[in-house]
Amino acid sequence: MAGLPSRELALMQSSTHPQAGRYPAGGLAFPHRDLTGIGQLARHEILYLLDEAEQWVELNRQPKKKTDLLNGLTIINAFFENSTRTLLSFEIAGKRLGADVVNMHAATSSVKKGETLIDTAMTLNAMRADAIVIRHASSGAVRLIAEKVDCPVLNAGDGQHEHPTQALLDALTMRHALGLPVGSDLNGLKVTICGDILHSRVARSNILSLTALGADVRVCAPPALMPAEIEAMGVTPFFDFDAALKGANIVMMLRLQQERMSGQFIPSPREYRHLYGLTPERLARAEPDAFVMHPGPMNRGVEIDSTVADHPTRSLITRQVEMGVAIRMACLEVLTRRARGVPGWEAEGVPA
Ligand code: CP
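Model, not experiment: these values are computed from the prediction. (Residues numbered from 1 in each chain as written. Predicted model: local features only at pLDDT ≥ 70, side-chain atom pairs only at ≥ 80, totals over all residues. Heavy atoms only, no water.)

K.L.:
Mind laying out the packing of aromatic side chains, listing which residues take part and the relevant values?
P.N.:
This model, assessed by the stated rule, comprises three aromatic pairs. Each ring, one from Tyr 23 and one from Tyr 48, has its centre 5.2 Å from the other, and the planes form 80 degrees; the classification is edge-to-face. With a gap of 25 residues between them, Tyr 23 in the loop between helix H1 (6-13) and helix H2 (43-60) and Tyr 48 in helix H2 connect regions that are remote in the sequence. Tyr 23 sits in the buried class, given a relative accessible area of 3%. (Phe/Tyr/Trp six-rings, centres within 6.5 Å; stacked < 30°, edge-to-face > 60°. Helix = DSSP H or I, 4+ residues; strand = E, 2+ residues; numbered from the N terminus. Buried < 20%, exposed > 50% of the residue type's maximum accessible area, 1.4 Å probe, protein only.)

Structure, rendered in structure tokens:
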């Protein structure tokens with residue numbers, strides 16, 4: 001708890017929350033209305049969301065998976081870009097918490113008739129949503145919407161900027177795979193992230209989250225797909241995948257984001273696989289028990305081979321999907337506490 005202001009430390013002592021003693025009490029444990037990025041969060045706020053998700057991991061493994069905590073609340077998932085995992089898991093998360101969940105797909109909405117992002121946001125706000133989940137192709141679009149509406153806004157991926165719930169579910173997946181207890185950070189874990197780092201909001205959010213949790217993060221990409229001055233984010237860049245894998249405990253693969261590329265960034269998928277694809281031979285260069293992760297969707301045979309992606313003990317890819325529902329339940333439950341009048345969470349004027 002080093003570094004917490006004394007007022008927060010004092011409040012911790014009087015908390016009745018199950019996490020009392022580990023986090024600031026009440027709303028001070030997570031003093032944000034919105035979840036727009038990992039960059040807005042302190043280390044203890046990331047850990048708070050991970051710890052809150054543990055109860056939902058347990059519930060989701062039961063035959064009956066429903067609570068009524070969010071009864072009467074309306075959650076709108078407004079997706080202006082395609083999604084399978086994020087959209088479905090936010091929908092399942094809201095429904096398991098008892099909320100009414102509606103999905104707005106831009107492809108079949110009035111966006112197609114030229115409606116602006118702000119007008120769409122004002123329309124959703126007028127329907128008195130209690131939380132809005134947004135995915136948008138433009139970096140910063142989620143923050144823009146958050147400034148226009150009266151309810152919590154959650155970023156489900158905005159352009160090349162951030163995908164905060166992906167980074168949270170990835171950290172929770174690592175904690176579970178490593179058998180680390182509630183409250184643990186990822187101190188000393190060696191994580192290699194390989195792929196299209198330049199265009200990846202998943203890479204950006206994971207770098208912010210993993211470095212905050214104490215992991216040793218290496219990023220690996222062809223020179224054209226490596227952001228300039230990435231070292232400033234506290235990571236070590238590699239262009240040689242074999243070197244980046246040495247000693248890695250976690251290997252996180254990313255797809256080439258063709259939809260964000262203008263021009264030719266790689267010679268060919270075949271050449272890319274040769275240099276940066278995760279094959280069984282290449283995985284052998286990491287630690288013998290290293291785990292493999294991928295946020296999906298995967299391009300099998302390009303950035304990852306099927307024998308690695310489907311490995312029964314080394315691949316965490318389906319575990320990531322499982323943790324995604326729990327993390328999104330935690331985020332929705334925590335961010336709606338003020339609207340639900342949860343004691344200690346009613347304070348006005350919490351920072352965004
Ligand atoms: N990982 C991820 O964001 O997947 P979707 O695009 O399917 O939501």
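So much for the structure itself; the text now carries on.
K.L.:
Please set out the pattern of salt bridges residue by residue, giving values where relevant.
P.N.:
Tallied over the entire structure, the rule returns 15 salt bridges. Residues Glu 54 and Arg 175 are paired through a salt bridge, measuring 2.9 Å at the closest nitrogen-oxygen approach. Separated by 121 residues along the polypeptide, Glu 54 in helix H2 and Arg 175 in helix H6 (residues 164-177) bring together distant segments of the chain. Residue Glu 54 is classed as buried on the basis of its relative accessible area, which comes to 13%. For Arg 175, a relative accessible area of 1% gives the class buried. Two residues, Glu 322 and Arg 61, come together in a salt bridge whose shortest N-O distance is 2.7 Å. With Glu 322 in helix H12 (residues 317-335) and Arg 61 in the loop between H2 and strand E1 (74-79), this pair connects stretches of sequence that are 261 residues apart. Residues joined by salt bridges that share partners form a network here, namely Arg 22, Asp 51, Glu 54 and Arg 175. (Salt bridge = Lys/Arg side-chain N within 4 Å of Asp/Glu carboxyl O.)

K.L.:
Let's hear about the site of the ligand: which residues, and what values?
P.N.:
Taken together, the neighbourhood of the ligand is formed by Ser 83, Thr 84, Arg 85, Thr 86, Arg 135, His 163, Gln 166, Pro 295 and Gly 296. In this structure, an oxygen atom belonging to the ligand sits 2.6 Å away from a side-chain N or O atom of Thr 86. Between an oxygen atom of the ligand and a side-chain N or O atom of His 163, the distance comes to 2.9 Å. Protein chains shield 92% of the accessible area of the ligand, which is 260 Å² for the free molecule. When its residues are assigned to classes, the shell around the ligand shows one nonpolar, six polar and two charged. (Near = heavy atom within 4 Å. Polar contact = N/O pair within 3.5 Å; in protein donor to acceptor, adjacent residues only side chain to side chain. Areas by Shrake-Rupley, 256 points an atom, 1.4 Å probe, with all protein chains shown as cover. Nonpolar A, V, L, I, M, F, W, Y, C, P; charged D, E, K, R; others polar.)

K.L.:
Could you give me a rundown of unusual backbone geometry, with the residues and numbers involved?
P.N.:
The peptide bond linking Gly 296 to Pro 297 adopts the cis configuration, its omega dihedral lying at -10 degrees. Note on placement: Pro 297 falls in the loop between strand E9 (291-293) and helix H11 (306-309). Phi at Arg 128 takes a positive value of approximately 60 degrees, unusual for a residue other than glycine. Assignment of secondary structure puts Arg 128 in the loop between helix H4 (117-126) and strand E3 (131-136). Residue Arg 128 is classed as exposed on the basis of its relative accessible area of 69%.

K.L.:
Let's hear about the sheet that holds strand E2 (residues 100-105): which residues, and what values?
P.N.:
Adjacent strands of a sheet pair through backbone hydrogen bonds, lying either parallel or antiparallel. Overall, parallel pairing links the four strands, which are arranged E2-E1-E3-E4 in an open sheet. The two strands at the open ends of the sheet, each matched to only one other strand, are E2 and strand E4 (153-158). Strand after strand, the sheet turns through a mean of 15 degrees between neighbouring axes, direction not considered. In this sheet, E3 lies alongside E1 in parallel orientation, the contact comprising five bridges. Residue pairing for E3: Ile 75 is matched across the bridge by Ala 131. In the packing of helix H5 (residues 141-148) onto the sheet, contacts are made with E3 and E4, and the angle to E4 comes to roughly 160 degrees. (Pairing = 2+ DSSP bridges. Axes fitted to C-alpha atoms, helices over the stretch in contact; angles between N-to-C directions. Contact = heavy atoms within 4.5 Å.)

K.L.:
Before we move on, could you go through the pairing of strand E5 (residues 190-194) and cite the residues and values that matter?
P.N.:
Counting buried positions along E5 gives four out of five residues, so the element sits mostly inside the fold. Sheet topology note: the E5/strand E6 (residues 216-220) ladder contains five bridges and is parallel. The residue of E6 that forms the bridge with Val 191 is Val 217. Taking the sense of rotation as the criterion, the β-α-β connection linking E5, helix H7 (residues 201-212) and E6 turns out right-handed. Bridge count between E5 and strand E8 (residues 250-253): four bridges; the pairing is parallel. Within the sheet, the bridge partner assigned to Cys 194 lies in E8 and is Met 253. (Right-handed = clockwise from strand over helix to strand, strands pointing away.)

K.L.:
Residue-level account of the packing of H6 against H7, with values.
P.N.:
For any two helices packed against each other, the geometry comes down to the angle between their axes and how far apart the axes lie. At a closest axis distance of 8 Å, the pairing of H6 and H7 adopts a crossing angle of 55 degrees. Comparing the axis directions of H6 and H7 gives the class oblique. Our pair here, H6 against H7, has a crossing hand that is right-handed. Two secondary-structure elements touch here, H6 through Pro 164, Gln 166, Ala 167, Asp 170, Ala 171 and Met 174 and H7 through Val 202, Ser 205, Asn 206, Ser 209 and Leu 210. For the contact of H6 with H7, a count of residues per class yields six nonpolar, four polar and one charged. (Parallel < 35°, antiparallel > 145°, perpendicular 65-115°, else oblique. Left-handed = near helix turned anticlockwise from the far one by under 90°.)

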